[in-house]
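So you can see what is in the structure, the chains are spelled out below.
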Amino acid sequence: MTRLRSARPVLALAACAFMALAAGCRKPPPHENMLTQKTPPSGGGSPVVDAGPIPKWDGGAEVDAGPFSEKALLTEFASCALGRYRAFLPLATQLRDAAAEWSAARSTENEQATREAWRSAMEVWEEAELFQYGPAAVSSLPGGRDLRNQIYAWPVFNRCKVDEQLVARTYAGAAFSTSLINARGLGAVEYLVFYTGTDNACSEFSTINGRGTWAALSPDALIERKAAYAAAAAADVLARTESLISAWEPAGGNFTAELVNAGAGSKTFAARLDALDAVSGALFYVDKVVKDAKLGKPLGYLECEKATCPDAVESLYARRSVEHLRANLIGFRRLFQGCGEDYAGLGFDDWLRAAGATRLADDMMGALVATQGAVDALAAPIDKALSDDPTAVALVHARLKMLTDLLKTEFVTVLHLQLPKGSEGDND
């Protein structure tokens, strides 16, 4: 099923790597020459764990996915994305309703119900984070409409901006839905619902501090505004979710047909491999966002001027960083192995096996399952684990690096896929 792209350059290693599937001609694979890094890139203070060889994947309970074809694979990817969004919809509705009740009656019970609704919604949304192709993707990508960022823009978040809009009551106006994404979405709801302090995150030069408008708010007024803001943000999340589903639905924008019919009538994708590029690019979320932003920065490996940066973790207020990592890996596995129950169905691993790259498919599955095991072993949120058991966090990073090294090299080479922009020459 694999074919070369005449219009795109193929990595110089491609011929040797592909021939190696039948013979012995290739350079050492990534896990032989890339996974022995002994010092963090920026000299941070966290330990760096040697993850060792890639764990063997025993295949588990394999389910027959049916005959492989690229169109069948794209059909599965469309169905999986829409399925995750549909699963999120009732949870987004529940969050909207709970936040509205808390705003109307600010009881402890309503506050706790809003927190629980947020937790439930995030459990599914963090899986959907891996499906950033089509309307969920940024507008610079094929079919992209920036809808993911409208729902959850992390790591883009500005607590000070939320505090300023609390004072200005921006959330109560019609312009709120067009305000900056760093103060809307599920990230804003988390801060508003879970943070109980009465301070703000702005500098002394901010208007709310310089003019004393924050200090003028009574504790009751602050809670009232937080609840109203959370209700407005949750309602906006629901509206964006409905737009995202409509964009995929056959009765709506029907991006499903655009993806499935790539190269055969699709206005978005002139070739089938262009659509497969878009989906494979979404897999790199585990590299740039999970490995680097959610793990590498808190560990002090990059973009951190101190030994560690625990304040850089995701879900700083709800303390759900480990649960989010777990859901991200489930989302990746749905794309890579299959989206059905127990990961049945077609996934990228089936394409690799159809191309003769069974060893690579097994190595990637072994690295993925090992990473999931390392996440499951974390006994505390990442910011706390960095002080209690930093080696356990470093092990998650090391195990995930096994997977992302394979993703950035052999995976794209064997299947003749393009690296997403920003990943070229990236060996961290």
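Before reading on, note that the structure itself is shown above.
Definitions and cut-offs
Residues numbered from 1 in each chain as written. Predicted model: local features only at pLDDT ≥ 70, side-chain atom pairs only at ≥ 80, totals over all residues. Heavy atoms only, no water. Helix = DSSP H or I, 4+ residues; strand = E, 2+ residues; numbered from the N terminus. Buried < 20%, exposed > 50% of the residue type's maximum accessible area, 1.4 Å probe, protein only. Contact = heavy atoms within 4.5 Å. Phe/Tyr/Trp six-rings, centres within 6.5 Å; stacked < 30°, edge-to-face > 60°. Lys NZ or Arg CZ within 6 Å of the ring centre and 35° of its normal. Core = buried A, V, L, I, M, F, W, Y, C linked by side-chain atoms within 4.5 Å. Axes fitted to C-alpha atoms, helices over the stretch in contact; angles between N-to-C directions. Parallel < 35°, antiparallel > 145°, perpendicular 65-115°, else oblique. Left-handed = near helix turned anticlockwise from the far one by under 90°. Nonpolar A, V, L, I, M, F, W, Y, C, P; charged D, E, K, R; others polar. Disulfide = S-S within 2.5 Å. 1 Å grid on protein atoms, 1.4 Å probe; cavity = no way out; pocket = protein on both sides within 12 Å on 5 of 7 lines; lining within 4 Å. Points joined across faces, edges and corners; volume = space filled by probe spheres on them. Salt bridge = Lys/Arg side-chain N within 4 Å of Asp/Glu carboxyl O. Polar contact = N/O pair within 3.5 Å; in protein donor to acceptor, adjacent residues only side chain to side chain.

A.B. asks: Would you explain the environment of Pro390 in this entry?
C.D. replies: By secondary structure assignment, the location of Pro390 is in helix α17 (residues 390-414). Among the residues examined, Pro390 registers a relative accessible area of 23% and is labelled partly exposed. As a C-alpha pair, Pro390 and Leu299 span 91 residues in sequence and 8.0 Å in three-dimensional space. Discounting chain neighbours no more than four positions away, the residues touching Pro390 are Pro47, Leu299 and Ala385.

A.B. asks: How should the packing of aromatic side chains be read in this particular structure?
C.D. replies: Two numbers describe a pair of aromatic rings. These are the distance of the centres and the angle of the planes. The tally for this structure, following the rule as stated, stands at 18 aromatic pairs. Summarising the aromatic geometry, the rings of Phe255 and Phe269 are spaced 6.1 Å apart at their centres and angled 70 degrees between planes, so their arrangement reads as edge-to-face. Placement of the pair is Phe255 in helix α10 (residues 255-260) and Phe269 in the loop between α10 and α11 (272-283), with a sequence separation of 14 residues. Both residues of the pair, Phe255 and Phe269, count as buried. Arranged with centres 6.0 Å apart and planes meeting at 20 degrees, the rings of Phe332 and Phe336 form a pair that is stacked. You can see Phe332 and its partner Phe336 sitting in helix α13 (residues 321-336), 4 residues apart, about one turn around the helix. Residues Phe332 and Phe336 agree in their burial class; the two are buried. One aromatic cluster is present, formed by Phe77, Phe332, Phe336, Phe348, Trp351 and Phe411 through successive ring pairs. Stacked on the ring of Tyr195, the Lys or Arg Arg159 has its end atom at 4.4 Å from the ring centre.

A.B. asks: Quick question: what am I supposed to make of the nonpolar core here?
C.D. replies: Nonpolar side chains in soluble globular proteins tend to be buried together. Residues Leu259 and Phe411 are the most contacted members of the largest nonpolar core, which totals 128 residues. Take this core: its biggest share by element is 15 residues, from helix α3 (residues 70-104). Sequence-distant contacts of Phe411, defined by excluding residues within four places in its chain, comprise Ser280, Leu283, Phe336, Phe348, Leu352, Leu360, Met364, Leu406 and Leu417.

A.B. asks: Looking at this model, I keep getting lost on the packing of helix α7 (residues 185-194) against helix α9 (residues 219-248). Mind explaining?
C.D. replies: A pair of packed helices is characterised by two quantities: the angle between their axes and the separation of those axes. One can describe the packing of α7 onto α9 by two numbers: an axis separation of 9 Å at closest approach and a directional angle of 155 degrees. In terms of orientation, α7 lies roughly antiparallel with respect to α9. For α7 against α9, the interelement crossing comes out left-handed. Only Lys226, Tyr229, Ala230, Ala233, Ala234 and Val237 of α9 make contact with α7, whose side of the interface consists of Gly185, Leu186, Val189, Leu192 and Val193. Residue composition of the contact of α7 with α9, by class: 9 nonpolar, 1 polar and 1 charged.

A.B. asks: Help me understand the environment of Ala234, please; the structure alone is not making it clear to me.
C.D. replies: Within the secondary structure, Ala234 is located in helix α9. Accessibility expressed as a relative area gives 0% for Ala234, which makes it buried. Once residues lying within four places of it in the same chain are set aside, the contact partners of Ala234 are Leu95, Arg96, Ala99 and Val189.

A.B. asks: Explain the state of the cysteines to me, please; I cannot follow it from the model alone.
C.D. replies: Each disulfide consists of a covalent bond between the sulfur atoms of two cysteine residues. Scanning all chains against the criterion turns up 3 disulfides. Disulfide pairing is shown between Cys80 and Cys339; the S-S distance is 1.9 Å. Across the disulfide from Cys80 to Cys339, rotation about the S-S bond amounts to roughly 70 degrees, and the bridge is consequently right-handed. Of this pair, Cys80 sits in helix α3 while Cys339 sits in the loop between α13 and α14 (348-354), and the two are 259 residues apart along the sequence. Cys339 shares its class with Cys80; the two are buried. For Cys160, the disulfide goes to Cys202, at an S-S distance of 2.0 Å.

A.B. asks: Please clarify how the layout of surface pockets should be interpreted in this entry.
C.D. replies: Over the atoms, a rolling probe the size of a water molecule traces out where space has been left empty. Each pocket or cavity is described by its volume, and for the second largest pocket that value is around 310 Å³. As for the second largest pocket, its lining consists of 15 residues, and the residues nearest its centre are Trp154, Pro155, Asp311, Ala312 and Val313. Contributions of two or more residues to the lining of the second largest pocket are made by α7 and α12 (285-299). Looking at the lining of the second largest pocket residue by residue, the class counts come to 9 nonpolar, 2 polar and 4 charged.

A.B. asks: Can you walk me through the pattern of salt bridges in this structure?
C.D. replies: Note on pairing: side chains with opposite charge can pair once their charged atoms come close. Scanning the entire structure with this criterion turns up 25 salt bridges. For Asp362, the salt bridge is made with Arg353, and the minimal N-O distance between the two is 3.0 Å. Salt bridges sharing common partners tie together Asp287, Lys291, Asp292 and Lys408.

A.B. asks: Before we go on, may I ask you to explain the side chain of Ser179 in this structure?
C.D. replies: Tracing the chain through its elements places Ser179 in the loop between α6 (159-168) and α7. Reaching out from Ser179, the side chain makes a polar contact with the backbone oxygen of Phe176 at a distance of 2.6 Å. Excluding anything up to four places from it in sequence, Ser179 contacts Gln165 and Arg184.

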